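# Examination of the molecular architecture
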2 protein chains.
Amino acid sequence: MKSPIRPTDDEACALARELIATARFAALAYTDMTDGAPMVSRVALVEGPDGAPTSLMSDLSHHSAALQRSPVCSLLIGEPKDKGDPLTHPRLSLRATARVVRHGEPEHGALAEAFLAKQPKAKLYIGFADFALVRFTPLGAHLNGGFGKAYVLNADDLVRARR
Amino acid sequence: MKSPIRPTDDEACALARELIATARFAALAYTDMTDGAPMVSRVALVEGPDGAPTSLMSDLSHHSAALQRSPVCSLLIGEPKDKGDPLTHPRLSLRATARVVRHGEPEHGALAEAFLAKQPKAKLYIGFADFALVRFTPLGAHLNGGFGKAYVLNADDLVRARR
């Protein structure tokens, strides 16, 4: 079968970057602790100060405990509009490793500030003891810009898009 | 820590059922073939004739090949509105096993008819040789009805909701 993957170009990198920069939430795929199967949850998401996607989650959530045990995960970023075929809307399947940043850790202040700048309603619970920030380091991505517009990006492509 | 999971009741089952019945698409978490890590993609989704979530996907997609090798997967069903905190919108993290139903198999006709009834635009490509229907058999689910409204449903709960 012919490969459906197009060569990566500046336009594809810019689209990936835009999807991360405008995200408010994402679908997080993680490894379930009980049986090692893939599971998916919705999480809050913003672009952090260094460009890495950053979430805020409770330790009480199933996915937070799972990420601490098995940090390799994936984020689906880019939401369809209410109208039209949802599969024509661009989305990024990002592979990443997750790292929890708790209250009192040196990075927490800057990450919390960046998070609240984009999601001000989170100030109601970001101070709770069980809520921590989670920073995702990109490893690579599949970008789908609509039918027939598929790209495979590596971590350098995602950095390149920031220049 | 206090468990955030509420006892499952009829209301929770009915909400899970409604999320499946009204879905147009979902985030699919699957096991990547290359390294066994969890990955997530957007897929089309409708409620099939027997209540099981049903998708239509190309064999050229990364996730289709992966599901055929490792059919245990998860679907995130239930999309936020444009306004408000996206984490207050109900969503279902469904655990399932995937089974591909190809052109020429006995079930294909009824599944294709049910799919097209809800996603008529798919008639443009449902006949393509590389497009197959995928039926998801539910194993259980996590239901999140908004902050503090979490439930764990088993396969029977999801069936009960159909009565």
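The structure under discussion appears in the preceding block.
Owing to the predicted nature of the structure, the values given are computational and were not obtained by experimental measurement.

### Focus on the overall build of chain A
A count of helices and strands for chain A gives four helices and eight strands. Secondary structure elements in chain A, listed N-terminal to C-terminal, are α-β-β-β-β-α-β-β-α-β-β-α. Its C-alpha atoms give chain A principal-axis dimensions of roughly 50 × 40 × 35 Å. Within chain A, buried positions represent 44% of all 163 residues. For chain A, long-range pairs separated by at least 24 residues make up 64% of all intrachain contacts whose partners lie at least 6 apart in sequence.

### Description of the relation of the copies chain A and chain B
Laying chain A over chain B is done by rotating through 180 degrees and shifting 0.0 Å along the axis; what remains is an RMSD of 0.0 Å. Here the copies are linked by what is in effect a two-fold axis. Mapped onto chain B, 100% of the interface residues of chain A again fall at the interface, so both copies present the same surface.

### Quick look at the interface of chain A and chain B
Taken together, the contact pairs 31 residues of chain A with 31 residues of chain B. No other element matches the six residues that strand 2 (residues 38-44) of chain A contributes to the side of chain A that touches chain B.

### Here's the deal with helix 1 (residues 10-21) of chain B
Along an α-helix, a turn takes 3.6 residues, which lines up residues three or four apart on a common side. Taking 1.5 Å per residue, 12 residues should reach 16 Å; helix 1 of chain B reaches 16 Å between its end C-alpha atoms and fits that length. Among all positions in helix 1 of chain B, only Ala-12, Cys-13, Leu-15, Ala-16, Arg-17, Leu-19 and Ile-20 of chain B are buried.

### Considering the environment of Lys-118 of chain A
On the secondary structure map, Lys-118 of chain A appears in helix 3 (residues 108-118). Distance from Lys-118 of chain A to Leu-87 of chain A, taken between C-alpha atoms, is 26 Å for residues 31 residues apart in sequence.

### Things to note about the pairing of strand 4 (residues 53-58) of chain B
Within a regular beta strand, the side chains point alternately toward one face of the sheet and then the other, so they alternate between its two faces. All names here are of chain B. Counting buried residues along strand 4, five of its six residues qualify, which places the element largely inside the surrounding structure. By the bridge criterion, two bridges tie strand 3 (residues 46-47) to strand 4 in an arrangement that is antiparallel. Bridge pairing in strand 4 links Glu-47 to Pro-53. Between the antiparallel neighbours strand 3 and strand 4 lie five residues, among them Gly-51 with a positive phi of about 90 degrees.

Here is what the cut-offs are and how they apply
Residues numbered from 1 in each chain as written. Chains lettered and ligands numbered in written order. Predicted model: local features only at pLDDT ≥ 70, side-chain atom pairs only at ≥ 80, totals over all residues. Helix = DSSP H or I, 4+ residues; strand = E, 2+ residues; numbered from the N terminus. Buried ≥ 20, exposed ≤ 12 C-beta atoms within 10 Å, placed from the backbone. Contact = placed C-beta atoms within 7 Å. Least-squares fit on C-alpha atoms with pLDDT ≥ 70 in both. Expected span 1.5 Å × (residues − 1). Pairing = 2+ DSSP bridges.

All we've got here are geometric facts, nothing functional implied.
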